[in-house]
Amino acid sequence: EYFMSLERLNESKEIMELRLGSQHKMVAEITHHIGYVYDLKGDQSNALAWYEKTLVLKKIAYSDDDVVLGIDYNCIGNIFYDRKEYEVALVYLENALRVRQAHLPEDNLEIATSLYDIGYVYHDMGKTADAINFLERVLKMRKLLLG
């Protein structure tokens, strides 16, 4: 199943690169989806490589601080979190939060997701006060948004 998905995505990527150019927004999106399939498959090394390619492409196709970068920063941060490389994870997760806060309303669920992920990194680092700070912000947001 994963093999077929990757095969089709790679074919689509090649076609898009030929028709739209290698730095087009759609090529970046397909590149992200390839990384996501590797991530679902549990192949974090390949997922990370594809997410990093996506980030480079999106910075070219959009800008260095566009909100679309948030998902890629978040995915990369979560891979480093899973690897227990917490300091590196924080850099990416904080970048996801930064671009989301710059472009989205304060009460957006994507911002809540970033806060939640950062809170759990702090928790696993043993920084309880920082973790509580982030997770309380998430709880407050979710209560406002979801009732």
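Scope of this entry: the structure provided in the associated data block. Because the structure is a prediction, the values reported are computed rather than measured.

### Quick look at the overall build of the chain
(1) Moving on: Secondary structure assignment for the chain yields seven helices and zero strands.
(2) Moving on: Across its three principal directions, the C-alpha atoms of the chain cover 50 × 30 × 30 Å.
(3) Moving on: For the chain, restricting intrachain contacts to residue pairs at least 6 apart in sequence, the fraction spanning at least 24 positions comes to 55%.
(4) Moving on: Surface accessibility of the chain: about 8300 Å² in total, with carbon and sulfur atoms responsible for 53%.

### Focus: the pattern of salt bridges
(1) Moving on: A full pass over the atoms with the stated rule returns six salt bridges.
(2) Moving on: Across the pair Glu11 and Arg8 runs a salt bridge whose closest N-O atoms are separated by 3.5 Å. Residue Glu11 and its partner Arg8 are located together in helix α1 (residues 2–20), separated by three residues, close to a single helical turn.
(3) Moving on: Overlapping salt bridges bring together Glu7, Arg8 and Glu11 as one network.

### Details of the packing of aromatic side chains
Aromatic ring pairs are described here by two measures, namely the spacing of the ring centres and the angle between the planes.
(1) Moving on: Using the criterion set out here, one finds five aromatic pairs in the structure.
(2) Moving on: With 6.3 Å between their ring centres and 45° between their planes, Tyr73 and Tyr92 make a pair best called tilted. With Tyr73 in helix α4 (residues 69–82) and Tyr92 in helix α5 (residues 86–103), this residue pair connects regions lying 19 residues apart in the sequence.
(3) Moving on: Judged by centre distance (4.9 Å) and plane angle (45°), the rings of Tyr116 and Tyr120 are tilted. Taken as a pair, Tyr116 and Tyr120 lie in helix α6 (residues 109–124) at a separation of four residues, close to a single helical turn.
(4) Moving on: Judged by its relative accessible area of 34%, Tyr120 falls in the partly exposed class.
(5) Moving on: Here the aromatic cluster, defined as three or more aromatic residues joined through ring pairs, consists of Tyr73, Phe80 and Tyr92.

### Quick word on the environment of Glu106
(1) Moving on: When you line up the elements, Glu106 lands in the loop between α5 and α6.
(2) Moving on: In this structure, the C-alpha to C-alpha distance between Glu106 and Met141, residues 35 residues apart in sequence, is 8.7 Å.
(3) Moving on: When sequence neighbours within four positions are dropped, the list of residues in contact with Glu106 reads Ile111 and Met141.

Criteria and cut-off values
- Residues numbered from 1 in each chain as written.
- Predicted model: local features only at pLDDT ≥ 70, side-chain atom pairs only at ≥ 80, totals over all residues.
- Heavy atoms only, no water.
- Helix = DSSP H or I, 4+ residues; strand = E, 2+ residues; numbered from the N terminus.
- Contact = heavy atoms within 4.5 Å.
- Areas by Shrake-Rupley, 256 points an atom, 1.4 Å probe, with all protein chains shown as cover.
- Salt bridge = Lys/Arg side-chain N within 4 Å of Asp/Glu carboxyl O.
- Phe/Tyr/Trp six-rings, centres within 6.5 Å; stacked < 30°, edge-to-face > 60°.
- Buried < 20%, exposed > 50% of the residue type's maximum accessible area, 1.4 Å probe, protein only.

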